[in-house]
Amino acid sequence: MAHIVILGAGIGGMPTAYELKEKLDNTHQITVINSVDYFQFVPSNPWIAVGWRERDDITFPIDPYLKKKGIAFIAQPVDKIDAEHNSLTLKNGEHVKYDYLVITTGPRLAFEEVSGSGPEGFTHSICSVDHAVKAAEAYQTFLQEPGPAIIGAMPGASCFGPAYEFAFIFNRDLRKRKLRNKVPLTYVTSEPYIGHLGLGGVGDSKGMLESEFRHNDIKWITNAKVTKVEAGKMYVTELDMQGKLVQEHELPFKYSMMLPSFKGVDPVANVEGLCNPRGFVLVDEHQRSKKYHNIFAAGVCIAIPPVEVTPVPTGAPKTGYMIESMVTAIVHNIAADITGQTADAKGSWNAICLADMGNTGAVFVALPQLPPRNVNWIKKGKWVHWAKVAFEKYFIYKIKGGSSEPIYEKYVLKLLGIERLDK
């Protein structure tokens, strides 16, 4: 009997548990460990921050749903991973032994890299439901005395889609309230140009997003290195494409949401030989640790190199479809390894993203993620907005139901009229 422990219960960890349960016979034990006792659908956080969703709309308790499938659950943070002895130490002092470990923790939010940033400082975040709820509370206060706002991404950020989404959703909500004329809005980003997205652009993402910004009176600063944030003021160094100084900005604001850079969570990053210097897990093409044969990883916690060198550091995003393909590869490889077969399944690292823009939306498809690509396009329309609203409900419904099917492939690819992205 093998004991497979999954560390993290998000959009990677929950499907991993369900797929493993479906793939393996009942002689094997599956345990999910998560730092909190609830699931959160992170892609909906931009809506939370303006009050279009409530916390209970996108969260639910994990234990009852895993229990129905015969999957054990522990709601405890992990303090230490002893990879040499296949053991975890939890915050409460409990020790958990494993035969295989699957890491799907997501990132640690590195607010400390920019002084004064983050929910404990002077900017907000939508990277977790707790942060989004706090951002929503501040937004309601802001509406009483509106003024300048700054939205964007810090140096080293890698997931830019939610920042664009929030800028457009924020803009749309203010227009509905007839307050947009009182809020000068600036998008500040480490990207070298609007629409870079950490992907070197997708199709005409640059032209489309610049056009949308102009249409909605959103100013922007790119190649922006935020150096410090104080109450009501953000300090930004703007560089050119050669990395030379263009201008030093001191931008006033009454409300700001800035995505931070990511690092690996501490107990994972502290394992010798497991991660790169930023704490992201080094994996081979089969999602397996390059040092530890029985450790696999998927999602935001793995190391993927940037698509190109940029004047201000940017990272590469990991989208939902990509995470799903990594999860399926891990499940096949663990099952093969248990039975003494070759673990040769590979995830398809393709980027596909539905991005809401308030009352419209855009879909990005990059196949493969790193250019040059076989598929490279962006499309815009109100249907994308409604497709993302529907997908939120579909995904939560399927996770509650214990679905082991590939959710993104079943929904998003069908929506786009694509049979498979790897064909």
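Cut-offs applied
- All residue numbers refer to position in the chain's written sequence, counted from 1.
- Owing to the predicted nature of the model, reporting of local features is limited to residues with pLDDT of at least 70; listing and counting of side-chain atom pairs is limited to 80 or more, with chain, interface and lining totals taken over all residues.
- Hydrogens and water are ignored here; the side-chain numbers use all heavy atoms of the structure.
- The helix and strand labels rest on DSSP assignments: H or I over at least four residues marks a helix, E over at least two residues marks a strand, and numbering proceeds from the N terminus.
- The quantity called the radius of gyration is restricted to C-alpha atoms. Its globule counterpart is 2.2 Å times the number of residues to the power 0.38.
- Only protein chains enter the accessibility calculation, which uses a 1.4 Å probe; a residue whose area is less than 20% of its type maximum is buried, one above 50% is exposed, and one in between is partly exposed.
- Here a residue-residue contact requires only that any non-hydrogen atoms of the pair lie within 4.5 Å.
- Only when DSSP finds a minimum of two bridges between them are two strands counted as paired.
- Lines fitted to the C-alpha atoms define the axes, with helices restricted to the stretch that makes contact. Angles between their N-to-C directions range from 0 to 180 degrees.
- What qualifies as a polar contact is a pair of N or O atoms within 3.5 Å, subject to a donor-acceptor requirement within protein and to the restriction that residues adjacent in sequence count only when both atoms come from side chains.
- Just to be clear on terms, a salt bridge is a Lys or Arg side-chain nitrogen sitting within 4 Å of an Asp or Glu carboxyl oxygen.
- Working definition: rings of Phe, Tyr and Trp (its six-membered ring) pair if their centres are within 6.5 Å, and the pair is stacked with planes under 30 degrees apart, edge-to-face with planes over 60 apart, and tilted otherwise.
- Each ring is checked for a lysine NZ or an arginine CZ that lies within 6 Å of its centre and within 35 degrees of its normal; such an atom marks a charge sitting over the ring.

Caption draft 1: Spatial organisation of the overall build of the protein chain. Of regular secondary structure, the protein chain possesses 11 helices and 22 strands. Relative to the globule expectation of 22 Å for 423 residues, the C-alpha radius of gyration of the protein chain, 21 Å, shows essentially globular dimensions. With the C-alpha coordinates of the protein chain rotated into their principal frame, the extents come out at 65 × 45 × 45 Å. Looking at the protein chain residue by residue over its 423 residues, the buried ones come to 58%. Partitioning the intrachain contacts of the protein chain with sequence separation of at least 6 by distance along the chain shows that 65% fall at a separation of at least 24.

Caption draft 2: Inspection of the pairing of strand β9 (residues 100–103) at higher detail. The side-chain alternation of β9 yields two buried faces, one formed by Tyr100 and Val102 and the other by Leu101 and Ile103. Judged from the four bridges that link them, strand β1 (residues 3–7) and β9 form a sheet pairing that is parallel. Opposite Ile4, over in β9, you have Tyr100 as the bridge partner. Bridging between β9 and strand β19 (residues 295–297) involves three bridges; their strand directions are parallel. Bridging across to β19, Leu101 finds its partner in Ile295.

Caption draft 3: View of the sheet that holds strand β17 (residues 255–259). In space, the four strands of this open sheet follow the order β13-β12-β11-β17, with parallel pairing throughout. The sheet is open, and its two borders are formed by β13 (218–221) and β17, each paired with just one other strand. Sheet twist, expressed as the mean angle between neighbouring strand axes with direction ignored, is 15 degrees. Strand direction decides the pairing type here: strand β12 (residues 185–189) and β13, joined by four bridges, are parallel. Following the sheet pairing, Tyr187 is matched in β13 by Trp220.

Caption draft 4: How the structure looks around the environment of Ser128. Looking at the element boundaries, Ser128 is found in the loop between β10 (107–109) and α5 (129–144). Residue classification places Ser128 among the buried residues on the basis of a relative accessible area of 17%. At a separation of 3.2 Å, a polar atom in the side chain of Ser128 contacts the main-chain amide nitrogen of His131.

Caption draft 5: How the structure looks around the pattern of salt bridges. Applying the stated criterion across every chain yields a total of 19 salt bridges. One salt bridge connects Glu112 with Arg108, and the closest N-O pair in it is separated by 3.1 Å. Looking at Glu112, the relative accessible area reads 47%, which means it is partly exposed. With its nearest N and O atoms 3.9 Å apart, the salt bridge here joins Glu145 to Lys254. Here the residue Glu145 occupies a position in the loop between α5 and β11 (149–153), and Lys254 occupies one in the loop between β16 (245–252) and β17, the gap between them amounting to 109 residues.

Caption draft 6: Local environment of helix α1 (residues 13–23). The buried count for α1 comes to eight of 11 residues, which makes it a mostly enclosed element. If you check which residues of α1 are buried, you get Gly13, Met14, Pro15, Thr16, Ala17, Tyr18, Glu19 and Leu20.

Caption draft 7: Region of interest: the sheet that holds strand β7 (residues 87–90). An order of β6-β7-β8 is seen for the three strands of this open sheet, with the pairing classed as antiparallel. Of all the strands in the sheet, just β6 (78–82) and β8 (95–97) have a single pairing partner and so form its edges. The average angle at which neighbouring strand axes cross in this sheet is 20 degrees, direction not considered. Pairing analysis gives three bridges linking β7 to β8, with the strands arranged antiparallel. By the bridge assignment for β8, Thr89 is matched with His95.

Caption draft 8: Quick peek at the packing of aromatic side chains. Going through the model one piece at a time under the given rule, you end up with 23 aromatic pairs. These aromatic residues form a ring-pair network of at least three members: Phe39, Phe41, Phe60, Tyr65, Phe391, Tyr394, Phe395, Tyr408 and Tyr411. For Arg55, the ring lying beneath its charged end belongs to Tyr38, and the centroid distance is 5.0 Å. Positioned over the ring face of Trp377 is Lys379, at 4.7 Å from the centre of the ring.

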